[in-house]
Amino acid sequence: MTTQPSASAPRTAIVTGAARGIGRGIAERLAADGLDVAVSDLPAMRTELDEVAAAIEKTGRRALAVTADVTSQDDTDALVQNVAGHFGKVDVYVANAGIARVTSLLDTSPEEFDQIMDVNLRGVFLSYTAAARQMIAQGTGGKIIGAASIVAYRPFALLGPYSASKWGVRGLTQAAAMEWAAHGITVNAYCPGIVGTAMWELIDEKLAQAEGLDKGQAIKKYAEGIALGRVEEPADVAAFVSYLASTDSDYMTGQSVMIDGGIQFS
Ligand SMILES: NC(=O)C1=CN([C@@H]2O[C@H](COP(=O)(O)OP(=O)(O)OC[C@H]3O[C@@H](n4cnc5c(N)ncnc54)[C@H](O)[C@@H]3O)[C@@H](O)[C@H]2O)C=CC1
Ligand SMILES: CC(=O)C(C)=O
C-alpha cells in the first residue's frame, strides 16, 4: 500500500544548479519561506553545495545536498527518488541548472550546440518529467518551475544557441502545463535579464573580447538598457520564484515571465 504524504508536513523543494548564483539564491529564499530544501549540482560543485545546505540548516529548515548531472536521466530520477525518500514528498522542483556559451551561429560546432541543448533543454525535460512522475504518484499536485531567460523572447548577439535552448524551455513549459494541469501541477518559467553571477562574468569576458572592450565593460554596456538602472541580483529572481512556488500562484500555469528590471516590455 502506498502511504500518502501528510498534508501538514512542511512543503519541500528541489533546486538544481544550486551551488551558486541564482540557484543558491532560490534555495535560500525557499528555505526562508519555510520549505525544506534539497540542493543539487554537479559532483565538481560538492563543496559549494554542502555549504549551501549547511547555510539552510542554520536557519532551522531541513536541507539535503545531492549531486546530479541534469543531462543524465539516471541522475535526475535518482535525485527525485532520493529527496522523496528523505523528505517524504516533493512539492516544488526548480529546474535552474544551465550553461551559457558566447558564440556566433557560424562559429558554433554541432558538438557545442548539442552541449548547450543537453544542459539547458534536455536537462529541463528530464527534470520536469522526473518531478511530474513523482508528483502524480503522490497525488498531491505540485509546482514545477524552469529557468528560461529574456533571450527566450529576443536573442542577444552571440548568444544564439543559448537563446534557442531557452526558447525551447518556454515551449516545454507550455506543453508540460497543458499535460499535467489535470494532476494539479502548475508549470511556469522565470526569465531573468542580466544577473550578476559567474555566468555573466563569463559572458562579459567573451563579449568584451569580441567587441574589443576591457573586462567589465560589456556588462556595463548591456546594463545601460535596464530601465531600473542596476544589474539584477539572484534575490530579485528568487523573490519571483518564491511566488511561483507558493499557493498564491495556483491559478497561473504555462507562463514564462520576464523579471529583468525593464530590459524588455511585454
Ligand atoms: N545570469 C544571468 O544573467 C541569467 C541566467 N539565467 C539562467 O538562470 C540559471 C542560473 O544561472 P546563473 O546562476 O547565472 O548561472 P551559474 O553559472 O552561476 O550557475 C549555474 C549552476 O548550474 C550548474 N550546472 C551546470 N551544468 C549542470 C549540469 N549538467 N547538471 C547540474 N548542474 C549544472 C553549475 O555547476 C552552476 O552551479 C541558468 O539556467 C541560466 O541560464 C537566465 C537569464 C539570465
Ligand atoms: C544569460 C542570459 O540569459 C542573459 C539574458 O543574459
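Scroll up to find the structure.
Bear in mind the structure is a predicted one, so any value in this text is a computation, not a measurement. (Residues numbered from 1 in each chain as written. Chains lettered and ligands numbered in written order. Predicted model: local features only at pLDDT ≥ 70, side-chain atom pairs only at ≥ 80, totals over all residues. Heavy atoms only, no water.)

Colleague: I keep staring at the packing of aromatic side chains and nothing clicks. Help me out?
Modeller: How two aromatic rings sit relative to each other is given by the distance of their centres and the angle of their planes. Counted by the stated rule, this structure contains three aromatic pairs. Residues Phe156 and Tyr222 carry aromatic rings whose centres are separated by 5.3 Å and whose planes lie at 45° to one another, so their mutual orientation is tilted. In this pair, Phe156 sits in the loop between strand 5 (142–147) and helix 5 (160–180) while Tyr222 sits in helix 7 (residues 217–223), placing the two residues 66 residues apart along the sequence. A residue is classified by how much of its surface remains accessible, and Phe156, at 15% relative accessible area, is buried. Aromatic pair Trp200 and Tyr222: ring centres 5.7 Å apart, planes at 55°, arrangement tilted. Note that Trp200 is positioned in helix 6 (residues 198–211) and Tyr222 in helix 7, a separation of 22 residues in sequence. The exposure class of Trp200 is buried, given its relative accessible area of 6%. (Phe/Tyr/Trp six-rings, centres within 6.5 Å; stacked < 30°, edge-to-face > 60°. Helix = DSSP H or I, 4+ residues; strand = E, 2+ residues; numbered from the N terminus. Buried < 20%, exposed > 50% of the residue type's maximum accessible area, 1.4 Å probe, protein only.)

Colleague: Mind showing me how you'd approach the nonpolar core here?
Modeller: Val83, Tyr128 and Ile144 are the most contacted members of the largest nonpolar core, which totals 48 residues. Of all elements in the fold, only strand 3 (63–67), helix 3 (73–87), strand 4 (92–95), helix 4 (110–138), helix 5, strand 6 (185–192), helix 6 and helix 7 reach the threshold of two or more residues within this core. Counting residues per element, this core draws most heavily on helix 4, at six residues. Of all hydrophobic cores here, the second largest spans 32 residues; its members include Val39, Ala65, Ile145 and Leu244. (Core = buried A, V, L, I, M, F, W, Y, C linked by side-chain atoms within 4.5 Å.)

Colleague: Would you take a moment to explain the site of ligand 2 for this structure?
Modeller: By nearness alone, every residue bordering ligand 2 is listed as Ser149, Ile150, Val151, Tyr162, Gly193, Met199, Trp200 and Ile203. At a separation of 3.4 Å, an oxygen atom of ligand 2 approaches a polar backbone atom of Gly193. Between ligand 2 and the protein, one listed contact pairs an oxygen atom with a side-chain N or O atom of Trp200 at 2.6 Å. For ligand 2, whose unbound accessible area comes to 220 Å², protein coverage reaches 95%. For the shell around ligand 2, the element with the most residues is helix 6, which contributes three residues. The class makeup of the residues in the shell around ligand 2 is six nonpolar, two polar and no charged. (Near = heavy atom within 4 Å. Polar contact = N/O pair within 3.5 Å; in protein donor to acceptor, adjacent residues only side chain to side chain. Areas by Shrake-Rupley, 256 points an atom, 1.4 Å probe, with all protein chains shown as cover. Nonpolar A, V, L, I, M, F, W, Y, C, P; charged D, E, K, R; others polar.)

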